[in-house]
Amino acid sequence: LCVFGISHFGLYYLYSSTNLFKIDVKGEAMDREEIKRYLCTYTTAQRGVKRLEQDIAQIRSEKTFHRCIVDGMPHAHEQKDLSDYVAKLDELERKLIKARYKRIQLYEKIFEDVEQLENETEKEILSYRYLRGKTWEQIARETQYCVSQVHRIHNKALGNLGKILKNELCSK
């Protein structure tokens, strides 16, 4: 899922299947925006799975609910071959399986990275935000912090995670 590489200028690159994240190993840590993009890959994959599930449900519902035209005339030319329907449905279901597998891989990788943090509150906030998709207000309620404190902890967690990812890259 993720491959690490290095350039001649002290920049490491973290590749996922669709994204590239740049890490400056000469600097303090990974850029916070890059870390957020990396953490958001799971929610993006999750939305992709939901879209495929909706497409499959729509195709199934279109095939089960037939239009009924009552004008006394035959309308055989409107009936399509069932094999087209089955082939399209099969293609979408294969894409769905691949997307679900990718989502699980992303979840595992991000979960492992977040679990490397020492502070339990930081782990909790990053998990709520990026793996469970909660809003800042929901996170504040769950953790019993005010929203501004949640933002401060979140920023600190991103910095700490950047250091962890940088150390992980440097050790490879």
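Here's a quick rundown of the structure. (Residues numbered from 1 in each chain as written. Predicted model: local features only at pLDDT ≥ 70, side-chain atom pairs only at ≥ 80, totals over all residues. Heavy atoms only, no water.)

### A word on the environment of Arg-32
How we decide: Each helix is a run of H or I in the DSSP string that is no shorter than four residues. Each strand is a run of E no shorter than two, and both are numbered from the N terminus. Exposure classes here rest on a 1.4 Å probe applied to the protein chains alone. A residue is buried below 20% of its type maximum, exposed above 50%, and partly exposed in between. Contact definition: two residues touch when any of their heavy atoms are within 4.5 Å. Pairing of N or O atoms within 3.5 Å defines a polar contact, subject to two protein rules: one partner must be a possible hydrogen donor and the other a possible acceptor, and residues neighboring in sequence count only if both atoms are side-chain atoms.
On the secondary structure map, Arg-32 appears in helix α1 (residues 32–64). Assessed through its relative accessible area of 40%, Arg-32 is described here as partly exposed. Each C-alpha atom of the pair Arg-32 and Gly-159 lies 6.6 Å from the other, and the pair is 127 residues apart in sequence. Each residue touching Arg-32, except ones within four places of it in the same chain, is listed here: Asn-155, Leu-158 and Gly-159. Separated by 3.0 Å, the side chain of Arg-32 and the backbone oxygen of Asn-155 make a polar contact.

### Comments concerning helix α3 (residues 120–131)
Every α-helix winds through 3.6 residues per turn, so residues three or four apart in the chain are directed the same way. To keep things clear, this is the line we draw: A helix is expected to span 1.5 Å multiplied by its residue count minus one.
The first and last C-alpha atoms of α3 sit 15 Å apart over 12 residues, in line with the 16 Å expected at 1.5 Å per residue. The set of residues buried in α3 consists of Glu-122, Lys-123, Ile-125, Leu-126, Ser-127, Tyr-128, Tyr-130 and Leu-131. Taken from the residues just after α3, Gly-133 is the one with a positive phi, measuring 70°.

### Some points on the packing of aromatic side chains
Aromatic rings in a pair are described by how distant their centres are and how their planes are angled relative to each other. Where we set the bar: Working definition: a ring pair exists when centres of Phe, Tyr or Trp rings (six-membered ring for Trp) sit within 6.5 Å. Plane angles under 30 degrees give stacked, over 60 give edge-to-face, the rest tilted.
Counting across every chain of the model gives 2 aromatic pairs. Taken together, a centroid distance of 6.0 Å and an interplanar angle of 10° make the contact between Tyr-107 and Phe-111 stacked. In this pair, Tyr-107 and Phe-111 are both assigned in helix α2 (residues 82–115), 4 residues apart and thus about one turn of the helix distant. Note on Tyr-107: relative accessible area 32%, which makes it partly exposed. What makes Phe-111 partly exposed here is its relative accessible area of 34%.

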